[in-house]
Amino acid sequence: MIPFFIITGWLGSGKTSLLKNLLTEYGSRKRIAVIQNEFAPSGIDGTDLKNAVDNFKLVEINNGSVFCVCQLSNFTHLLEKLSVEYKPEVIFLESSGLADPVSVAQILNAYGIKDKVILRNIVTVIDAVNFPKTFKIMPRFRHQVLVADKLVVNKTDLAGVNYDKDVLDVLKKWNPYADITETTYGKIDFEELINSRTSLTSKEEFLKLKAGNKPEIGLTVLRVHDKITKNGLKEFIEEILSSSQRIKGFVNTKEGETIAVQATYGMYEITPIEKYDGRSELIIFNDEYSPGELHKLFKSKASVNG
C-alpha cells in the first residue's frame, strides 16, 4: 500500500515551505504525489509549489476541507484515481490551515481507499511565534495538535527566548506521544519522516472527537487586473495587516515584476518571482473588511501610486 502523509497546521505556519524543502531534496528519488487542499476557491499554494519545484504530481481540492463529509466522495475518488494512474510511491496531503483533521481515520477507512493507502504519519506544523494566541481560541487547532504523530515547531528563529516555555510545554501536555522537531523555514529530514512509525491516529479516543464546522473567519479571494506599484502594494498590505490573520498570493506590479505575498499575524514578506503568468490574486482572511471594501482599497492604492 502507498504510504500517506498528512501535513496540517494553522494558517501561515509553514506547511508549504516544508513541502517545498521535501520536494526539492527528495522529489528526484521518489515518485511523489501532492494533494493540496484550501477552503478558498483558488490554487495559490499549488502555484507557489510549482514555481519552486516541478518534480511531482499535483492535485488540488479547493473550496472546502477534505475532512468534511461534503468532500468525502470527491476525495475518495481522487485517491483511487491517483493511486491507479500515477502510481505514486508516497502521497502528501497538505490540508487547509482551517481544516479539522479529527475525522481522518473514518475517511481513510472508506471503501475504495483502505486497501490502497496507509496513513503513515500526521505532521502538524506549529508557528512558534503565534502559537500561544491561536491555540487558546481555536479548537480545531488544538485538534491538529492532538492527532499529530510529529509536531514540527517552525519559525523558532523569530520566536524569541521564551518560546520554549510557551510552546513546548503546552505541546507536550496536549500530546505527550508525538515526536517534536524544532526548525526554521520548514526544514525537516525526509528519511526520518518516511521511516517513522505508522500513524496511531485510528485510536478510539480520536474517533470520539467531533470535527468543527467551517470556521467563521472572513475570507476574500481578491482577483484584479489593475497593476500596482511596489509601494502601493506595501501600503495596501500595511493598511489591512493588523486585522488579517493571513494574506497570500501573487501581484503583478507596474514595475513589470510579479510579487509573491506572504503575511501572517502582523508580519509580511514580498518577494519577486519568475514563472508566473496569471493575473493578480490574493487570498485574504480578514473579518474587518468586506470583499467590496478590499477591492476598492486595492484599486485606490493602484490609482494613487500610478
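In this text the structure is predicted, and so the values were computed from the model without any measurement.

Caption draft 1: Main features of the pairing of strand β6 (residues 150–154). Among the 5 residues of β6, 5 are classified as buried, and the element is accordingly described as predominantly covered. Burial along β6 is two-sided: Lys150, Val152 and Asn154 and Leu151 and Val153, pointing in opposite directions, are all buried. Relative to β6, strand β5 (residues 117–127) runs parallel, the two sharing 5 bridges. Counterpart to Val125 in the pairing with β6 is Val152. Pairing analysis gives 4 bridges linking β6 to strand β7 (residues 179–182), with the strands arranged parallel. Paired with Leu151 across the bridge in β7 is Ile180.

Caption draft 2: Looking closely at the sheet that holds strand β9 (residues 244–252). Strand order in the open sheet formed by 5 strands is β8-β12-β9-β10-β11, with antiparallel pairing between adjacent strands. Each end of this open sheet is capped by a strand with a single partner; those strands are β8 (219–224) and β11 (267–273). Pairwise comparison of adjacent strand axes, ignoring direction, gives a mean angle of 10° for this sheet. Of the strand pairs in this sheet, β9 and strand β10 (residues 258–264) are connected by 7 bridges, and their pairing is antiparallel.

Caption draft 3: Molecular detail of the sheet that holds strand β3 (residues 57–62). Overall, parallel pairing links the 7 strands, which are arranged β3-β2-β4-β1-β5-β6-β7 in an open sheet. In this open sheet, the two edge strands, each paired with only one partner strand, are β3 and β7. Ignoring which end each strand starts from, the neighbouring axes of this sheet average 20° apart. Across 4 bridges, the pairing between strand β1 (residues 2–9) and strand β4 (residues 90–94) is parallel. If you follow Phe4 over to β4, its bridge partner there is Ile91. On the sheet, helix α1 (residues 15–26) packs against β1, β2 (32–38), β4, β5 and β6 and is oriented at approximately 170° with respect to β2. Its contacts with the sheet place helix α6 (residues 139–146) against β1, β5 and β6, and it is angled at close to 125° to β5.

Rules behind the numbers
Residues numbered from 1 in each chain as written. Predicted model: local features only at pLDDT ≥ 70, side-chain atom pairs only at ≥ 80, totals over all residues. Heavy atoms only, no water. Buried < 20%, exposed > 50% of the residue type's maximum accessible area, 1.4 Å probe, protein only. Helix = DSSP H or I, 4+ residues; strand = E, 2+ residues; numbered from the N terminus. Pairing = 2+ DSSP bridges. Axes fitted to C-alpha atoms, helices over the stretch in contact; angles between N-to-C directions. Contact = heavy atoms within 4.5 Å.

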